[in-house]
Amino acid sequence: MTTIRVLIADDQVMVRQGFTVLLDAEPDIEVVGQAVDGLDAVTKVAELGPDVVLMDVRMPRLDGIEATRRVTSPPGAQVKVLILTTFDLDDYVYEALRAGASGFLLKDASAEELAQAVRVVAAGDALLAPNVTKRLIAEFSRVTAAPRAPLKERVGVLTERETEVLSLVAQGLSNAEIARLLVVAEQTAKTHVSRILAKLGVRDRTQAAVFAYETGLVRPGGC
């Protein structure tokens, strides 16, 4: 069994300790460290090499958004960031997604929801249910700036089929749903998604969806 290594970054000691107890109770998850603020998180990611960081947004010295940007931006960075928030779909979440986060989780989530979120993010899959993912990313697109030209140029590296698959990923469809829609095997859909992530240099489906909206490939409310 592969163990998922987790770092918890939050300036509230009770949150850090509580999440540590909950996650360490899972057979496939290990909390390898705790960070008291954003700067501490950046340092400990470099030191400990966790697979997933649970990152609070509002922290002293360096907030979770900038900390997320710093740990996910280096070439070859594999760490996934799961943003912790007390507010459903607040503006900080959109900025965190743009900074490189893979998803978000409310702090009042149950132990089961917390553990499952860590597993999903570690696997590079969409954190949220497809309909929620679509709503979240569409709203993210609505409140952000116009598509950036350098990103639009990167769409050109995709084949026509890969571009089609990317638009479906951005709409929140799973591999199985994409396969049914395109009348291909699920493994074929999975292969397309893997190639898209590699070509675009993004870590997971969430960042691929953000890319699709920022380039204008997909627009809020539909393709």
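Look a little higher up for the structure.
Residues numbered from 1 in each chain as written. Predicted model: local features only at pLDDT ≥ 70, side-chain atom pairs only at ≥ 80, totals over all residues. Heavy atoms only, no water.

Draft legend 1. Broad picture of the overall build of the protein chain. Within the protein chain, the secondary structure is distributed over 11 helices and 5 strands. Taken across its 223 residues, the protein chain has 52% of its residues classed as buried. In the protein chain, the proportion of contacts linking residues at least 24 apart, taken out of those at least 6 apart, comes to 67%. Accessible surface for the protein chain amounts to roughly 10,400 Å². Of this, 53% is attributable to carbon and sulfur atoms. (Helix = DSSP H or I, 4+ residues; strand = E, 2+ residues; numbered from the N terminus. Buried < 20%, exposed > 50% of the residue type's maximum accessible area, 1.4 Å probe, protein only. Contact = heavy atoms within 4.5 Å. Areas by Shrake-Rupley, 256 points an atom, 1.4 Å probe, with all protein chains shown as cover.)

Draft legend 2. Layout of the side chain of Thr206. Here Thr206 shows up in helix H11 (residues 205–214). Here the side chain of Thr206 touches Ser102 through a polar contact of 2.7 Å, landing on its backbone oxygen. (Polar contact = N/O pair within 3.5 Å; in protein donor to acceptor, adjacent residues only side chain to side chain.)

Draft legend 3. Representation of the pattern of salt bridges in the model. Under the definition given, this model contains 10 salt bridges. Across the salt bridge formed by Glu26 and Arg119, the nearest N and O atoms sit 2.7 Å from each other. Residue Glu26 is found in the loop between helix H1 (13–24) and strand S2 (29–35), and its partner Arg119 is found in helix H5 (residues 111–123); the two are separated by 93 residues along the sequence. What makes Arg119 partly exposed here is its relative accessible area of 25%. Across the pair Glu162 and Lys199 runs a salt bridge, and its minimum N-O distance is 2.8 Å. (Salt bridge = Lys/Arg side-chain N within 4 Å of Asp/Glu carboxyl O.)

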